Amino acid sequence: MSDIFREVDEDIRHEKYRRLWDRFGIYVIGLAVLVVVGTGGYRGWLYWQEQQAQVSGDTFLQAVSLANEGKSDEAQALFESLTGATGGYPVLARLRAATDLAAQGKEEEAIERFDAIAADTSVDMLMRNLAAVRAGYLAMDSADYTALSARLEPVATADSNAWRFAAREILAFSAWKTGDMAAAQTWVDRIAGDPAAPRDISGRIGLLNDLIRAATGKAPAGEGVSN
């Protein structure tokens, strides 16, 4: 008797499965096709991205090589061609193009290029801050302390910013050149008091600190007052 009940139960289950398949089988097949097509498309897209990145990398290296050979016009053309490239090459090309202009003595144009990168919200913040610092270095001879502060204070005052020490150094020297010894000393102290400051920047800031003390009539650090 139990065998009969079991066979009837299995027949009922089979009938339910058949009805479910008749009703939803087409959707299951469609979903499976979509998964296969989607996976293939995604892998194809990844391959295309990889190929495009390789082409962009080769173009970038070729442009750098031309720039190093003094073929600036050809290099600039290649850098410009990377504007719509994938990955990080567009911003690298923009930075390198601006650097090449500075090397040619076209500092104003280079500063404009760096400022444009620093203001571009589509660019990674690390690169934007780097561009701001590069513009600051180039503008030290032509811009006053107020202009440089507007450009660099957001970088210099952020204690977690990777470029803070470079920005503080620029502001310290700019303030000193302008004659604002108080501001210069403030930036010097923010570098000298931070053990994470790079050695080369600390060395230059140490010299600046002595100049500030000499200008303000204070004894250099470590030098006692003689009687």
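Residues numbered from 1 in each chain as written. Predicted model: local features only at pLDDT ≥ 70, side-chain atom pairs only at ≥ 80, totals over all residues. Heavy atoms only, no water.

Colleague: Can you lay out the overall build of the protein for me, pointing to particular residues and giving the numbers?
Modeller: In terms of regular secondary structure, the protein is built from nine helices and zero strands. Walking the protein from its N terminus toward its C terminus, one meets helices and strands in the order α-α-α-α-α-α-α-α-α. Across the 227 residues in the protein, those meeting the buried criterion constitute 33%. Relative to all contacts within the protein whose residues are 6 or more apart in sequence, the contacts with residues 24 or more apart total 51%. Carbon together with sulfur atoms contributes 58% to the accessible area of the protein, which is approximately 14,200 Å² in total. (Helix = DSSP H or I, 4+ residues; strand = E, 2+ residues; numbered from the N terminus. Buried < 20%, exposed > 50% of the residue type's maximum accessible area, 1.4 Å probe, protein only. Contact = heavy atoms within 4.5 Å. Areas by Shrake-Rupley, 256 points an atom, 1.4 Å probe, with all protein chains shown as cover.)

Colleague: Tell me about the packing of helix 7 (residues 164–178) against helix 8 (residues 181–192), residues and numbers included.
Modeller: The geometry of a pair of packed helices is captured by two quantities: the angle between their axes and the separation between those axes. Following both chains from N to C, one finds helix 7 and helix 8 inclined at 155°, their axes separated by 7 Å at the closest point. When the interaxial angle is binned, helix 7 and helix 8 end up roughly antiparallel. Our pair here, helix 7 against helix 8, has a crossing hand that is left-handed. From helix 7, Phe 165, Arg 168, Glu 169, Leu 171, Ala 172, Ala 175 and Trp 176 reach across to helix 8, where they touch Met 181, Ala 183, Ala 184, Trp 187, Val 188, Arg 190 and Ile 191. Grouping the constituent residues of the contact of helix 7 with helix 8 by class yields 11 nonpolar, no polar and three charged. (Axes fitted to C-alpha atoms, helices over the stretch in contact; angles between N-to-C directions. Parallel < 35°, antiparallel > 145°, perpendicular 65-115°, else oblique. Left-handed = near helix turned anticlockwise from the far one by under 90°. Nonpolar A, V, L, I, M, F, W, Y, C, P; charged D, E, K, R; others polar.)

Colleague: Before we move on, could you go through the pattern of salt bridges and cite the residues and values that matter?
Modeller: Applying the stated rule across the entire model yields eight salt bridges. The shortest N-O distance in the salt bridge between Asp 194 and Arg 164 comes to 4.0 Å. Of the two residues, Asp 194 is situated in the loop between helix 8 and helix 9 (199–216) and Arg 164 in helix 7; the sequence distance between them amounts to 30 residues. Residue classification places Arg 164 among the buried residues on the basis of a relative accessible area of 13%. Where salt bridges share partners, they join Asp 159, Arg 168 and Arg 190 into one cluster. (Salt bridge = Lys/Arg side-chain N within 4 Å of Asp/Glu carboxyl O.)

Colleague: How would you explain the nonpolar core if you had to name every residue and give the values?
Modeller: Residues Leu 95, Phe 114, Val 133, Leu 148, Leu 152, Leu 171 and Ile 205 are the most contacted members of the largest nonpolar core, which totals 42 residues. Setting aside chain neighbours within four positions, we find Leu 152 in contact with Ala 132, Val 133, Gly 136, Ala 167, Ile 170 and Leu 171. Ala 63, Leu 66, Phe 79 and Ala 93 belong to the second largest nonpolar core, which has nine residues in total. (Core = buried A, V, L, I, M, F, W, Y, C linked by side-chain atoms within 4.5 Å.)

Colleague: Got a sec to walk through the side chain of Asn 161? Specific residues and values, please.
Modeller: Within the element layout of this structure, Asn 161 appears in the loop between helix 6 (145–156) and helix 7. Apart from the residues within four sequence positions on either side, Asn 161 is in contact with Asn 129 and Val 155.

Colleague: So what about the packing of helix 5 (residues 125–139) against helix 7? Which residues, and what values?
Modeller: It is the contact of helix 5 with helix 7, at a shortest axis distance of 10 Å, that shows an interaxial angle of 25°. As summarised for this structure, helix 5 and helix 7 are arranged roughly parallel, according to the angle between their axes. Here the hand of the crossing between helix 5 and helix 7 comes out left-handed. Residues Val 133, Gly 136 and Tyr 137 of helix 5 touch helix 7, and the partners they reach there are Ala 166, Ala 167, Glu 169 and Ile 170. A per-class count over the contact of helix 5 with helix 7 returns five nonpolar, one polar and one charged.

Colleague: Provide a residue-level description of a negative patch on the surface, including the pertinent values.
Modeller: Residues Glu 107, Glu 108, Glu 112 and Asp 141 make up a contiguous surface patch of negative charge. Counting through the fold element by element, Glu 108 comes out in helix 4 (residues 107–118). Residue Glu 108 is classed as exposed on the basis of its relative accessible area of 51%. (Patch = residues over 30% accessible without salt bridge, like charges linked within 9 Å, V, L, I, M, F, W, Y side chains within 5 Å. Lys, Arg positive; Asp, Glu negative; His and termini not counted. Charge placed at Lys NZ, Arg CZ, Asp CG, Glu CD.)

Colleague: Explain the side chain of Arg 168 to me, using residue names and the numbers behind them.
Modeller: Residue position: Arg 168 is located in helix 7. A polar atom in the side chain of Arg 168 sits 2.7 Å from the backbone oxygen of Ala 156. For Arg 168, the side chain forms a polar contact with the side chain of Asp 159, separated by 2.9 Å. Apart from residues no more than four positions distant in its own chain, Arg 168 is found in contact with Ala 156, Ala 158, Asp 159, Trp 187, Arg 190, Ile 191 and Asp 194. (Polar contact = N/O pair within 3.5 Å; in protein donor to acceptor, adjacent residues only side chain to side chain.)

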